Amino acid sequence: MKSSTVQIRHEERIISRFCALRVSRYMLCILLFPLYFIHYPAALYPLAALLVLPPFLNLILETSRPQDNEAAQKQSSMPKIIEQYHFSFTGYRSERFCFILGLVLLAVWQWIQPDEYWYDLPLGKVPLILLVFYYVSQTLLSFCYRYSIKKTLHE
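Residues numbered from 1 in each chain as written. Predicted model: local features only at pLDDT ≥ 70, side-chain atom pairs only at ≥ 80, totals over all residues. Heavy atoms only, no water.

(A) Here's a closer look at the environment of Met-27. Here Met-27 lies in helix 1 (residues 2-38). Look past the residues within four positions of Met-27 in its chain and what remains in contact with it is Phe-133, Ser-137 and Leu-141. (Helix = DSSP H or I, 4+ residues; strand = E, 2+ residues; numbered from the N terminus. Contact = heavy atoms within 4.5 Å.)

Here it is, written out as structure tokens:
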């Protein structure tokens, strides 16, 4: 009984983290899009990386290691939840990598800001604000998705 409970909690955590990573990435892309046109041509690099890299990495991982998704699907104790949230192990790995890459790109963008932006408070801190927003939104969404999964399981 304990091992199945531990496995269910582990799957809840991974699926909720996967959904939170995906949604927070979409929200960050929506915030970066107008910044590219308005003030920051440097916003193109994180935006392009966050839009192009996850599907590309997922495709590479699925073609090189298709057994990972099949094994995760067979060993799962919640196949309906996995199907409902479109979870795949390779998708989770690519989203996790792109989350870290997005944090690094936002930190680099903040680091290479021109000195004149530092004195203009809202413009100089936009990458830092986006970095904090990206991390906090992923954390909060993870808890929300975990609650939603638990609620779905108890119904």
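Structure's up, so let's keep going.
(B) Representation of the pattern of salt bridges. Applying the stated criterion across every chain yields a total of one salt bridge. Linking Arg-25 and Glu-95 is a salt bridge whose minimum nitrogen-to-oxygen distance equals 2.8 Å. Of this pair, Arg-25 sits in helix 1 while Glu-95 sits in helix 5 (residues 89-111); the two residues are 70 residues apart in sequence, bridging distant segments of the chain. Across the pair, exposure class does not vary: Arg-25 and Glu-95 are buried alike. (Salt bridge = Lys/Arg side-chain N within 4 Å of Asp/Glu carboxyl O. Buried < 20%, exposed > 50% of the residue type's maximum accessible area, 1.4 Å probe, protein only.)

(C) Quick look at a nonpolar patch on the surface. A grouping of Ile-100, Val-104, Val-108, Trp-111 and Ile-112 is seen on the molecular surface, where their side chains present a nonpolar patch of about 570 Å² in accessible area. Relative to the helices and strands, Ile-112 resides in the loop between helix 5 and helix 6 (115-119). (Patch = residues over 30% accessible without salt bridge, like charges linked within 9 Å, V, L, I, M, F, W, Y side chains within 5 Å. Areas by Shrake-Rupley, 256 points an atom, 1.4 Å probe, with all protein chains shown as cover.)

(D) Quick peek at the packing of helix 5 against helix 8 (residues 126-154). In contact at an axis separation of 8 Å, helix 5 and helix 8 are set at 160 degrees when each is read in the N-to-C sense. By the angle between their directions, the pair helix 5 and helix 8 is classed as roughly antiparallel. The two elements helix 5 and helix 8 cross, and the hand of that crossing is left-handed. Contacts from Cys-98, Phe-99, Gly-102, Leu-103, Leu-106, Ala-107, Trp-109 and Gln-110 of helix 5 reach helix 8 at Pro-127, Leu-128, Leu-130, Leu-131, Tyr-134, Tyr-135 and Gln-138. Across the contact of helix 5 with helix 8, the residue classes tally to 12 nonpolar, three polar and no charged. (Axes fitted to C-alpha atoms, helices over the stretch in contact; angles between N-to-C directions. Parallel < 35°, antiparallel > 145°, perpendicular 65-115°, else oblique. Left-handed = near helix turned anticlockwise from the far one by under 90°. Nonpolar A, V, L, I, M, F, W, Y, C, P; charged D, E, K, R; others polar.)

(E) Structural view of helix 8. Look at helix 8: 41 Å from first C-alpha to last across 29 residues, which is about the 42 Å you get at 1.5 Å a residue. Listed in full, the buried residues belonging to helix 8 are Val-126, Pro-127, Leu-130, Tyr-134, Ser-137, Gln-138, Leu-141, Ser-142 and Ile-149. (Expected span 1.5 Å × (residues − 1).)

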